[in-house]
Amino acid sequence: GWGLTPSLDILVTVVGLVIIVGGLYLLISTIRLFATVGRGTLAPWAPPQKLVVAGPYRYVRNPMISGVILVILGESIAFGSPVIFGWFTLFVIANVAYFRFSEEPGLVKRFGTGYTRYRRNVPCWIPRLKPWCGEAHGERSQEGN
């Protein structure tokens, strides 16, 4: 724990748990979108066949990893663990580098101008305030389509 008073320890633990639940919800909803909209999985041998620009992807380009990041951050808060927070920090740094130098160039190759346009309009990590309703691959991006 954090060594706080019992009531503050409970509050901090609850905040951490809320962050974990939010991260899990984001992770599960994006995996579902990969299957239903993208017609694929997050596994490299069966990636989405269609660019997913629905749901949380209308606000931020990496909501799946953002969900994992939130889970790890929530764990570090809930358990008062500097070690888990260190893991959180390394995980963020590694994923920022991976997405910049590997994932995004691969997505440009796979999805071409649709992804390039999406990348120009939707931020990588900090969500937009309003959802992007642009087009990708000539199809209007809508929730669940």
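We now turn to the structure provided with this report. Everything quoted here is computed from the prediction, not taken from an experiment.

## Some words on a nonpolar patch on the surface
Together, Trp 2, Leu 4, Leu 8, Leu 11 and Val 15 give the surface a local cluster of nonpolar side chains, amounting to about 450 Å² of exposed area. Looking at the secondary structure, you find Val 15 in helix α1 (residues 6–36).

## Concerning the packing of aromatic side chains
As enumerated under the stated definition, the model contains seven aromatic pairs in all. Aromatic pair Phe 85 and Phe 88: ring centres 5.3 Å apart, planes at 40 degrees, arrangement tilted. Here Phe 88 and Phe 85 lie together in helix α3 (residues 82–121), a separation of three residues that amounts to about one turn. Under the relative-accessibility criterion, Phe 85 is labelled partly exposed at 40%. Pairing Phe 99 with Trp 125 gives two aromatic rings, centres 5.5 Å apart and planes at 90 degrees, and the pair type is edge-to-face. Placement of Phe 99 in helix α3 and of Trp 125 in the loop between α3 and β1 (135–136) is noted, with a sequence separation of 26 residues between them.

## Thoughts on the nonpolar core
Ranked by size, the top nonpolar core spans 16 residues in total, and within it Leu 33, Leu 51, Val 52, Tyr 57, Tyr 115 and Tyr 118 carry the most contacts. Where this core is concerned, the elements lending two or more residues are α1 and α3. Top contributing element to this core by residue count: α3, with four residues. Dropping the residues within four chain positions of it, Leu 33 is found in contact with Gly 38, Val 52, Ala 54, Gly 55, Pro 56 and Tyr 57. Ranked by size, the runner-up nonpolar core spans six residues in total, among them Ile 69, Ile 72, Phe 88 and Phe 91.

## Quick look at the pattern of salt bridges
Tallying each qualifying case throughout the model produces two salt bridges. Where Glu 104 meets Arg 61, a salt bridge forms, and the shortest distance between an N and an O atom there is 2.8 Å. Highlighted residues: Glu 104 in helix α3 and Arg 61 in the loop between α1 and α2 (63–78), separated in sequence by 43 residues. The exposure class assigned to Glu 104 is buried, which follows from its relative accessible area of 7%. With a relative accessible area of 11%, Arg 61 lands in the buried category. Several salt bridges share partner residues, and in doing so they unite Arg 61, Glu 104 and Arg 119 into one network.

Basis of the calculations
- Residues numbered from 1 in each chain as written.
- Predicted model: local features only at pLDDT ≥ 70, side-chain atom pairs only at ≥ 80, totals over all residues.
- Heavy atoms only, no water.
- Patch = residues over 30% accessible without salt bridge, like charges linked within 9 Å, V, L, I, M, F, W, Y side chains within 5 Å.
- Areas by Shrake-Rupley, 256 points an atom, 1.4 Å probe, with all protein chains shown as cover.
- Salt bridge = Lys/Arg side-chain N within 4 Å of Asp/Glu carboxyl O.
- Helix = DSSP H or I, 4+ residues; strand = E, 2+ residues; numbered from the N terminus.
- Phe/Tyr/Trp six-rings, centres within 6.5 Å; stacked < 30°, edge-to-face > 60°.
- Buried < 20%, exposed > 50% of the residue type's maximum accessible area, 1.4 Å probe, protein only.
- Core = buried A, V, L, I, M, F, W, Y, C linked by side-chain atoms within 4.5 Å.
- Contact = heavy atoms within 4.5 Å.

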